[in-house]
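Chain residues, written in single-letter form:
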2 protein chains.
Amino acid sequence: MHEKKFLNIYNELALKIREKTIVAGELLPPESDLCERYQVSRETVRKALALLSRNGYIQKIQGKGSVVLDVSRFEFPISGLTSFHELATHSEEEWQTVVNQLVVIKPYQKMRQVMNLKENQNLWKVIRSRMIGGETVILDTDYLVMDSVPILTEDICRNSIYDYLENELHLKISFAKKQITVESPSEEDKRYLTLSNETSVVVIRSLVYLDNAQLFQFTESRHRADKFRFVDFARREHL
Amino acid sequence: MHEKKFLNIYNELALKIREKTIVAGELLPPESDLCERYQVSRETVRKALALLSRNGYIQKIQGKGSVVLDVSRFEFPISGLTSFHELATHSEEEWQTVVNQLVVIKPYQKMRQVMNLKENQNLWKVIRSRMIGGETVILDTDYLVMDSVPILTEDICRNSIYDYLENELHLKISFAKKQITVESPSEEDKRYLTLSNETSVVVIRSLVYLDNAQLFQFTESRHRADKFRFVDFARREHL
DNA sequence: TAGTGGTCTAGACCACGTG
DNA sequence: ACGTGGTCTAGACCACTAT
């Protein structure tokens, strides 16, 4: 079975760059060398390098080679599609999740429109506080389509919903449309978030889709503004 | 000359999807059909489809086909690496840029560190107000390395620096590291931005690099919080 | 079983940067 | 001139979905 050789190459090189086994500013071995070393065709090597380039590990320069970039300044990407649990476990700090609410609801009119739901589709509603050092700095509200997620427990919510969905239910979470705005704190924010002098809350609203392009989740993640930070690597597209 | 057939295919299909010539929910023609229609090999078609997928136009489903996604909900991406001028000209509304300051500076200690500059490298400093309906809602401060940009005029800054860099100087802007935070208004914000009750400003700091992986720009873009909106399409990476 | 996308290959030719 | 990456090709085999 052809099993994603290009990913192995990507991961191996990405690790070496992160761990500075390959130093920023240096050149990667030429593609022909990598072909030999990994015993693969050139297109396969190039797939791996394209991924490294997209994710900010290298800059390819025609006629010269692949320059390794300094990747240290943007660890901790809230960019992309990553669950809180995955971020927290890679973090130095001690995070804690508190489940405030876990109920089944009939979606009201507006929610049905936003999520494009049928009449009889019910939703899980989960409200969770993300705490650090005794303070609640993130308040997450998730709505999950019950057709896709028939069973959900407080225990799962305290641990990681995404882990449960992917490893237990074998759902394939695929993509999301996200929107970030800054708003005044709502009543719920005032109730759950530890707001000091903060007068603003950063709100990330996401529509999350499965593998088969089916919507299964709407999330509203509300961050205390002073604890919010979004880091991103962007390439200029010449289309 | 092999001149990016896959980009032509990408652009043609992307346009059809944006203009709803191909409707969301439908399937794209199979790859084999596209090979015939465009008279290209399958890998070339697949490069175009991979781009469409990355940019949120389609979802590929193995054994089934490429489902067209609803692309309407996220026009106006501040995501990626796009200049204000490019956004403004695609907008319905009437934007205006005012150049508040255009000077050459010797970078102070901290700036030299952040931008990793040599002792003798000077910078252009440009401060610009972005106005809409008589209100200044964005305040941009750019620092440009003079080695890369020897000449800069108020006229260029009022129009579009990026346009000048790419089309006149033929610099190839390639990638950026960006960071978004929410902060209290600074003295300069209070002077230039039209702040009503706003107590927060969204700050986007970017390090921008050329083609050859050389840093040439640092930008601080400060947005009135109520006018800020960031829209993004993200794929979950299974690496 | 037929048709779709997913991965890989071996080879070709072109464009760019360096010596 | 040489070595590098950039693009494209024609073909192979596998995995998944539909019927």
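Predicted model only: the values in this text are computed from it and were never measured. (Residues numbered from 1 in each chain as written. Chains lettered and ligands numbered in written order. Predicted model: local features only at pLDDT ≥ 70, side-chain atom pairs only at ≥ 80, totals over all residues. Heavy atoms only, no water.)

Let's talk about the relation of the copies chain B and chain A
Two copies of a chain can be linked by a rotation about an axis combined with a shift along that same axis.
So, point 1. Note on the copies: chain B fits chain A at an RMSD of 0.1 Å, the axial shift is 0.0 Å, and the rotation between them is 180°. Taken together, the turn and the small shift mark the pair as related by a two-fold rotation axis.
So, point 2. Counting the interface residues of chain B, we find that 98% of their copies in chain A are interface residues as well, pointing to one common contact surface. (Least-squares fit on C-alpha atoms with pLDDT ≥ 70 in both. Contact = heavy atoms within 4.5 Å.)

Section: the pairing of strand E7 (residues 201–210) of chain B
All names here are of chain B.
So, point 1. Within E7, nine of the 10 residues are buried, which leaves it mostly tucked inside the rest of the structure.
So, point 2. Of the strand pairs in this sheet, strand E6 (residues 173–183) and E7 are connected by 10 bridges, and their pairing is antiparallel. Paired with Thr-181 across the bridge in E7 is Val-203.
So, point 3. Strand direction decides the pairing type here: E7 and strand E8 (residues 215–224), joined by nine bridges, are antiparallel. Bridge assignment links Leu-207 to a residue of E8, and that residue is Phe-218.
So, point 4. Hairpin connection, E7 to E8: the antiparallel pair is bridged by four residues, and Ala-213 has positive phi, about 70°. (Buried < 20%, exposed > 50% of the residue type's maximum accessible area, 1.4 Å probe, protein only. Helix = DSSP H or I, 4+ residues; strand = E, 2+ residues; numbered from the N terminus. Pairing = 2+ DSSP bridges.)

Thoughts on helix H3 (residues 42–54) of chain A
Residues and elements named next belong to chain A.
So, point 1. Helix length check: H3 (13 residues) gives 18 Å between terminal C-alpha atoms against 18 Å at 1.5 Å per residue, within 8%.
So, point 2. Residues of H3 that are buried include every one of Thr-44, Val-45, Ala-48, Leu-49, Leu-51, Leu-52 and Ser-53, and no others.
So, point 3. Gly-56 lies just past H3 and shows a positive phi near 85°. (Expected span 1.5 Å × (residues − 1).)

Comments concerning the interface of chain B and chain A
So, point 1. Contacts between the two partners involve 54 residues from chain B, matched on the other side by 53 residues from chain A.
So, point 2. For the chain B face of the interface with chain A, the top three residues by lost area are Lys-177, Arg-236 and Leu-239 of chain B, together amounting to 17%.
So, point 3. Where chain B meets chain A, there are two salt bridges.
So, point 4. Of the charged contacts, one joins Glu-166 of chain B and Arg-236 of chain A as a salt bridge, the two residues approaching to 2.7 Å between their closest N and O atoms.
So, point 5. Those elements that provide at least two residues to the side of chain B that touches chain A are helix H1 (5–18), helix H3 (42–54), strand E1 (58–61), helix H7 (161–168), E6, E7 and strand E9 (230–235) of chain B. (Buried area = accessible area lost by both parts, 1.4 Å probe. Salt bridge = Lys/Arg side-chain N within 4 Å of Asp/Glu carboxyl O.)

Focus: the protein's contact with DNA strand D
So, point 1. Taken together, 27 residues lie near DNA strand D, and Arg-42, Glu-43 and Arg-46 of chain A together with Lys-5 and Ser-41 of chain B sit nearest.
So, point 2. In DNA strand D, atoms within 4 Å of the protein come 62% from sugar and phosphate.
So, point 3. Arg-42 of chain A places a polar side-chain atom, nitrogen or oxygen, 2.7 Å from a base nitrogen of DNA strand D.
So, point 4. Going through the elements one at a time, H3 and strand E1 (58–61) of chain A together with H1 and H3 of chain B are the ones with two or more residues in the surface near DNA strand D.
So, point 5. Sorting elements by how many residues they give to the surface near DNA strand D places H3 of chain B first, with four residues.
So, point 6. Across the surface near DNA strand D, the residue classes tally to five nonpolar, nine polar and 13 charged. (Near = heavy atom within 4 Å. Polar contact = N/O pair within 3.5 Å; in protein donor to acceptor, adjacent residues only side chain to side chain. Nonpolar A, V, L, I, M, F, W, Y, C, P; charged D, E, K, R; others polar.)

Some remarks on the sheet that holds E7 of chain B
So, point 1. With antiparallel pairing, the seven strands of this open sheet are ordered in space as E9(A)-E6(B)-E7(B)-E8(B)-E5(B)-E4(B)-E3(B). Strands at the two margins of the open sheet, each flanked by one partner only, are strand E9 (230–235) of chain A together with strand E3 (95–105) of chain B. Put simply, the sheet's adjacent strands are angled 15° from each other on average, direction ignored.
So, point 2. Set on the sheet, H7 of chain B makes contact with strand E4 (123–132), strand E5 (135–145), E6, E7 and E8 of chain B; between it and E6 of chain B the angle comes to about 165°. (Axes fitted to C-alpha atoms, helices over the stretch in contact; angles between N-to-C directions.)

Brief notes about the protein's contact with DNA strand C
So, point 1. Residues in close proximity to DNA strand C total 26 residues, the closest being Lys-5 and Ser-41 of chain A together with Arg-42, Glu-43 and Arg-46 of chain B.
So, point 2. When the atoms of DNA strand C within 4 Å of the protein are grouped by moiety, sugar and phosphate amount to 61% of the total.
So, point 3. A distance of 2.8 Å separates a phosphate oxygen of DNA strand C from a polar atom in the backbone of Ser-41 of chain A.
So, point 4. Contacts to DNA strand C include Gln-62 of chain B, whose side-chain N or O atom sits 3.1 Å from a sugar or linking oxygen.
So, point 5. Top contributing element to the surface near DNA strand C by residue count: H3 of chain A, with four residues.
So, point 6. Here the surface near DNA strand C is composed, by residue class, of five nonpolar, nine polar and 12 charged.

Some words on the pairing of E8 of chain B
Residues and elements named next belong to chain B.
So, point 1. Burial runs high along E8: 10 of the 10 residues are buried.
So, point 2. Bridge count for E5 against E8 is seven bridges, and the pairing is antiparallel. From the neighbouring strand, Thr-141 faces E8, where its bridge partner is Glu-220.

A look at the domain arrangement of chain A
Where interface size is given, it is often the accessible area lost as the parts come together that is meant.
So, point 1. Per the domain assignment, the segments making up chain A are domain 1 (2–68) and domain 2 (76–231).
So, point 2. Summarising the inter-unit geometry, the C-alpha centres of domain 1 of chain A and domain 2 of chain A are found 35 Å apart. (Domains from an automatic or database assignment.)

Looking at the sheet that holds strand E5 (residues 135–145) of chain A
So, point 1. Spatially, E3(A)-E4(A)-E5(A)-E8(A)-E7(A)-E6(A)-E9(B) is the arrangement adopted by the seven strands of the open sheet, whose pairing is antiparallel. Where the open sheet ends on each side, the last strands, each with one partner, are strand E3 (95–105) of chain A together with E9 of chain B. Looking at each pair of strands side by side, their axes are set apart by 15° on average, direction ignored.
So, point 2. Running at roughly 170° to strand E6 (residues 173–183) of chain A, helix H7 (residues 161–168) of chain A makes contact with strand E4 (123–132), E5, E6, strand E7 (201–210) and strand E8 (215–224) of chain A of the sheet.

Let's talk about the pattern of salt bridges
So, point 1. In this structure the tally under the stated criterion is 35 salt bridges over all chains.
So, point 2. Members of the salt-bridge network, linked through shared partners, are Glu-183, Asp-189, Arg-205, Glu-220 and Arg-222 of chain A.

Points about the side chain of Lys-125 of chain B
Residue and element names in this part refer to chain B.
So, point 1. You can see Lys-125 is positioned in strand E4.
So, point 2. No salt bridge is formed by the buried Lys-125; the nearest opposite charge belongs to Glu-188, separated by 4.9 Å.
So, point 3. The residues contacting Lys-125, other than those within four sequence positions of it, are Gln-101, Leu-102, Val-103, Ile-105, Thr-141, Asp-142 and Tyr-143. (Lys, Arg positive; Asp, Glu negative; His and termini not counted.)

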